[in-house]
Amino acid sequence: MKEVLFILIFIFLGAGLSAQEEGDPVTLAIENDTLKVVDNRYREDQFYASITYNLLGNKPIGVSQSGFSTGYHFGFIRDMPINPRRNVAIGLGLGVSTNSYNNTLLISESISGYEYTVLDSDISYDKNKFTNYLVEIPLELRWRTSTATEYNFWRIYTGFKLGYVVYNSSKFNSSLGDVKLSQIEDINRLQYGLTFSVGYSNISFHIYYALNTMFNSDAIVANNGEMVDMNAIKIGLMFYIL
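A brief report on the enclosed structure follows.

Procedures and definitions
- Residues numbered from 1 in each chain as written.
- Predicted model: local features only at pLDDT ≥ 70, side-chain atom pairs only at ≥ 80, totals over all residues.
- Heavy atoms only, no water.
- Helix = DSSP H or I, 4+ residues; strand = E, 2+ residues; numbered from the N terminus.
- Buried < 20%, exposed > 50% of the residue type's maximum accessible area, 1.4 Å probe, protein only.
- Contact = heavy atoms within 4.5 Å.
- Pairing = 2+ DSSP bridges.
- Salt bridge = Lys/Arg side-chain N within 4 Å of Asp/Glu carboxyl O.
- Phe/Tyr/Trp six-rings, centres within 6.5 Å; stacked < 30°, edge-to-face > 60°.
- Core = buried A, V, L, I, M, F, W, Y, C linked by side-chain atoms within 4.5 Å.

Regarding the overall build of the chain
Argument step 1. Counting secondary structure elements, the chain contains one helix and 13 strands.
Argument step 2. Its helices and strands taken in sequence order, the chain reads α-β-β-β-β-β-β-β-β-β-β-β-β-β from the N to the C terminus.
Argument step 3. Expressed as a percentage of the 242 residues in the chain, the buried residues total 44%.
Argument step 4. For the chain, contacts bridging at least 24 residues in sequence account for 68% of all contacts bridging at least 6.

Printed below as a string of structure tokens:
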């Protein structure tokens, strides 16, 4: 899968670079009786920031989410137009994100490794969550209604995001004691999924749907022997900046 991704990246880079050689870099245009310099090689939406509400899909029996689970995402995407009008482009970038998940699955350590326990409703606790910190590579196919002089436009961006978990942690706080773990080995380091953004001006609705599970096959629920096959679903707002 990595080889296929790298091949696609090189193809898209080549297409974007070749398209940018066409046309003059600047022209003159009259807009509202004012002579303006128009950049015929303009690019769009190269910086992004996003806040998301994080959901857990495919939860084991008895696991539910509690509280508000958030994600914060920041990065840079190289915009590479592939047609003369420059309203269709490939975006390839690099970013970072932090994602927390408040839920009722307690992660603790045992003699054999890690133990996953569904918390009963009669157990009182203040916090139970795990958090991932990722470096991400977004790859997008971009369509928009922009022009060289129009900065407020409609956009539809869809693509694929590859992430690597550089650090993770879990926290359980209760009156009976706390459990804090970091660098949990059962969490899949490699995370990947589909992305979709649609919006107008600088704000877009954004969704990410993970194609793989957050935990590997060693993560088993102690209560019932079920595998922890949860995946991440992130819904929120994306803010694009030139």
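Here we look at the pairing of strand β13 (residues 231–241)
Argument step 1. Here strand β3 (residues 47–57) pairs with β13 via eleven bridges, running antiparallel. Looking at the pairing, tyrosine 53 lines up with isoleucine 235 of β13.
Argument step 2. Summarising the sheet, strand β12 (residues 203–210) and β13 pair through seven bridges and their orientation is antiparallel. For tyrosine 208, the partnering residue across the bridge sits in β13 and is lysine 234.

Some thoughts on the side chain of asparagine 132
Argument step 1. Relative to the helices and strands, asparagine 132 is located in strand β8 (residues 127–144).
Argument step 2. Given the relative accessible area of 3%, asparagine 132 is considered buried.
Argument step 3. Here asparagine 132 is in contact with Ser97, Thr98, Asn99, Val165, Tyr167, Asn168, Ile187 and Met214, once residues within four sequence places are set aside.

Some thoughts on the pattern of salt bridges
Argument step 1. In this structure the tally under the stated criterion is five salt bridges.
Argument step 2. Salt-bridge contacts for aspartate 79 lead to arginine 144; the nearest nitrogen and oxygen are separated by 2.8 Å. In this pair, aspartate 79 is assigned in strand β4 (residues 70–81) and arginine 144 in strand β8, connecting sequence segments 65 residues apart.
Argument step 3. Overall, aspartate 79 belongs to the buried group, its relative accessible area being 0%.
Argument step 4. Of the residues examined, arginine 144 reaches a relative accessible area of 0% and is grouped as buried.

Points about the packing of aromatic side chains
Argument step 1. The full count for this structure, using the stated rule, is ten aromatic pairs.
Argument step 2. Ring geometry for phenylalanine 130 and phenylalanine 215: centres 5.4 Å apart, planes at 80 degrees, overall edge-to-face. Residue phenylalanine 130 is located in strand β8, and its partner phenylalanine 215 is located in the loop between β12 and β13; the two are separated by 85 residues in the primary sequence.
Argument step 3. Looking at phenylalanine 215, the relative accessible area reads 1%, which means it is buried.
Argument step 4. Site record: aromatic cluster; members linked through ring pairs are Tyr101, Tyr116, Phe130 and Phe215.

Considerations on the nonpolar core
Argument step 1. The biggest cluster of nonpolar side chains holds 21 residues, and the ones touching the most others in it are Leu105, Tyr116, Phe130, Phe215, Val228 and Met230.
Argument step 2. Those elements that place two or more of their residues in this core are β6 (105–110), β7 (113–118) and β12.
Argument step 3. With three residues, the top contributor of residues to this core is β7.
Argument step 4. When sequence neighbours within four positions are dropped, the list of residues in contact with methionine 230 reads Leu56, Gly57, Asn58, Lys59, Pro60, Val63, Leu105, Phe130, Thr213, Met214 and Phe215.
Argument step 5. Of all hydrophobic cores here, the second largest spans six residues; its members include Ile77, Tyr157, Met238 and Tyr240.

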